[in-house]
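Take a look at the letters that make up each chain.
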Amino acid sequence: MNTPILYKLTRPIIKFLVNIVYLSKIEGTENIPLNEGIILAGNHTNNLDCVLLISSTKRCIRFLAKDSLYKHFILRSMGIIPIDRVNHQNKESIEIANNILNNDGVIGIFPEGTINRTKETIIPFKIGAVKFAKDTNKKIVPFTIKGKYRLFSRIELKFYKPIEVKSKDLNKENDKLMNVIKTNLED
């Protein structure tokens, strides 16, 4: 898959700024395969989570995001894949994401479906990440984000070993993914 031009141009700038402004600590990038389709899935703490992920790897991450964000030129130019969370008319978006994965690309998903503004460690996951993994026979690299996006304060991003979706019971697989992320957030 071709990397959107704006993504290519802005990634080095994003990486520099994230490392300076948020003193980012990124671990586990060796768990992101270099040449195969992969799904990055983790907790969602802030609108800047995508920026942090972009700064973490040279691979182009195509994020699934609520369709209202697609109207913004910059986000559209960065290659987001719009998801209709109201009417669930997502056939084209699902095809795009599956195509990216089947062509050895990377998609990024925040399975909580929204920023977690609760006091809970995580909120229940939507099933999308495990469904994409099952449909394309690709692995999921879970990740956690810890810390607050405050100037010159540490934000931590950690990637964990890839997991396979083996069972046809997607709810069970979704619970497994959720537990991996929750357990690592609580450490």
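No experiment lies behind these values; they were computed from the predicted model shown.

The rules behind the values
- Residues numbered from 1 in each chain as written.
- Predicted model: local features only at pLDDT ≥ 70, side-chain atom pairs only at ≥ 80, totals over all residues.
- Heavy atoms only, no water.
- Helix = DSSP H or I, 4+ residues; strand = E, 2+ residues; numbered from the N terminus.
- Rg over C-alpha atoms; globule rule 2.2 N^0.38 Å.
- Buried < 20%, exposed > 50% of the residue type's maximum accessible area, 1.4 Å probe, protein only.
- Contact = heavy atoms within 4.5 Å.
- Areas by Shrake-Rupley, 256 points an atom, 1.4 Å probe, with all protein chains shown as cover.
- Lys, Arg positive; Asp, Glu negative; His and termini not counted.
- Charge placed at Lys NZ, Arg CZ, Asp CG, Glu CD.
- Arc of directions from axis to C-beta.
- Pairing = 2+ DSSP bridges.
- Axes fitted to C-alpha atoms, helices over the stretch in contact; angles between N-to-C directions.
- Patch = residues over 30% accessible without salt bridge, like charges linked within 9 Å, V, L, I, M, F, W, Y side chains within 5 Å.
- Salt bridge = Lys/Arg side-chain N within 4 Å of Asp/Glu carboxyl O.
- Phe/Tyr/Trp six-rings, centres within 6.5 Å; stacked < 30°, edge-to-face > 60°.
- Expected span 1.5 Å × (residues − 1).
- Polar contact = N/O pair within 3.5 Å; in protein donor to acceptor, adjacent residues only side chain to side chain.

Asker: Whenever I open this one, the overall build of the protein confuses me. Can you help?
Answerer: Scanning the protein from N- to C-terminus turns up six helices and seven strands. Moving toward the C terminus, one meets the helices and strands of the protein in the order α-β-β-α-β-α-β-α-β-α-β-β-α. Relative to the globule expectation of 16 Å for 187 residues, the C-alpha radius of gyration of the protein, 15 Å, shows essentially globular dimensions. For the protein, the spread of C-alpha atoms along the principal axes amounts to about 45 × 40 × 35 Å. The burial tally for the protein puts 46% of its 187 residues in the buried class. Residue pairs at least 24 apart in sequence account for 71% of intrachain contacts in the protein once pairs closer than 6 positions are excluded. Summing over all exposed atoms, the protein offers an accessible surface of approximately 10,500 Å²; the carbon and sulfur share of this is 52%. The centroid of the 30 positive side-chain charges in the protein is displaced by 4 Å from the centroid of its 19 negative side-chain charges.

Asker: In this structure, what is going on with helix H5 (residues 128–136)? I would like to understand it.
Answerer: Each α-helix winds once per 3.6 residues, and so residues spaced three or four apart point in a common direction. Three or more residues of H5 are buried, namely Ala129, Val130, Phe132, Ala133 and Thr136. Axial view of H5: buried residues confined to an arc of 160°, hence all on one face. Residues of H5 that are buried sit in contact with strand E2 (38–42), strand E3 (61–66), helix H4 (91–102), strand E5 (106–109), strand E6 (139–146) and helix H6 (170–186). Once H5 finishes, Asn137 follows within two positions and takes phi at roughly 60°, a positive value.

Asker: Could you clarify how one ought to interpret the sheet that holds E5 in this entry?
Answerer: As summarised here, the arrangement of the seven strands in space is E1-E7-E6-E2-E5-E3-E4, forming an open sheet in which the pairing is mixed. Where the open sheet ends on each side, the last strands, each with one partner, are strand E1 (25–27) and strand E4 (81–83). Recorded for the sheet is a direction-independent mean angle of 20° between the axes of neighbouring strands. Across four bridges, E6 lies against strand E7 (residues 156–159) in antiparallel orientation. Paired with Lys146 across the bridge in E7 is Glu156.

Asker: Help me understand a nonpolar patch on the surface, please; the structure alone is not making it clear to me.
Answerer: On the surface, Ile13, Phe16, Leu17, Ile20, Leu23, Leu151 and Phe152 cluster together into a nonpolar patch covering about 720 Å² of accessible area. Relative to the helices and strands, Phe16 is located in helix H1 (residues 5–21).

Asker: How should I be thinking about the packing of aromatic side chains in this particular structure?
Answerer: Each aromatic ring pair is described using two quantities: the centre-to-centre distance and the angle formed by the ring planes. Taken as a whole and assessed by the stated rule, the structure comprises four aromatic pairs. Taking the centre distance of 5.2 Å and the plane angle of 85° together, the rings of Tyr22 and Tyr149 count as edge-to-face. Taken together, the residues span a long stretch of sequence, with Tyr22 in the loop between H1 and E1 and Tyr149 in the loop between E6 and E7 at a distance of 127 residues. As far as the burial class goes, Tyr22 and Tyr149 line up, both buried. Relative to Phe143, the ring of Phe110 has its centre 5.9 Å away and its plane inclined at 90°; by these criteria the two rings are edge-to-face. Of this pair, Phe110 sits in the loop between E5 and H5 while Phe143 sits in strand E6, and the two are 33 residues apart along the sequence. Joined through ring pairs, the aromatic side chains of Phe63, Phe110, Phe143 and Phe159 make up one cluster.

Asker: What exactly am I supposed to notice about H6 here?
Answerer: Over its 17 residues, H6 extends 24 Å from the first C-alpha to the last, a length consistent with the 24 Å expected when each residue adds 1.5 Å. Leu170, Glu173, Asn174, Leu177, Met178, Ile181, Asn184 and Leu185 are the residues of H6 that are buried. Taken down its axis, H6 places every buried residue within 135° of arc, on the same side. On the buried face of H6, the contacting elements are E2, H5 and E6.

Asker: What is the right way to look at the side chain of Asn43 in this model?
Answerer: You can see Asn43 is positioned in the loop between E2 and helix H2 (49–56). At 2.8 Å, the side chain of Asn43 and the backbone nitrogen of Ile145 are in polar contact. Beyond its immediate sequence surroundings of up to four residues, Asn43 is in contact with Asp49, Phe110, Glu112, Ile122, Phe143, Thr144, Ile145, Ile181 and Leu185.

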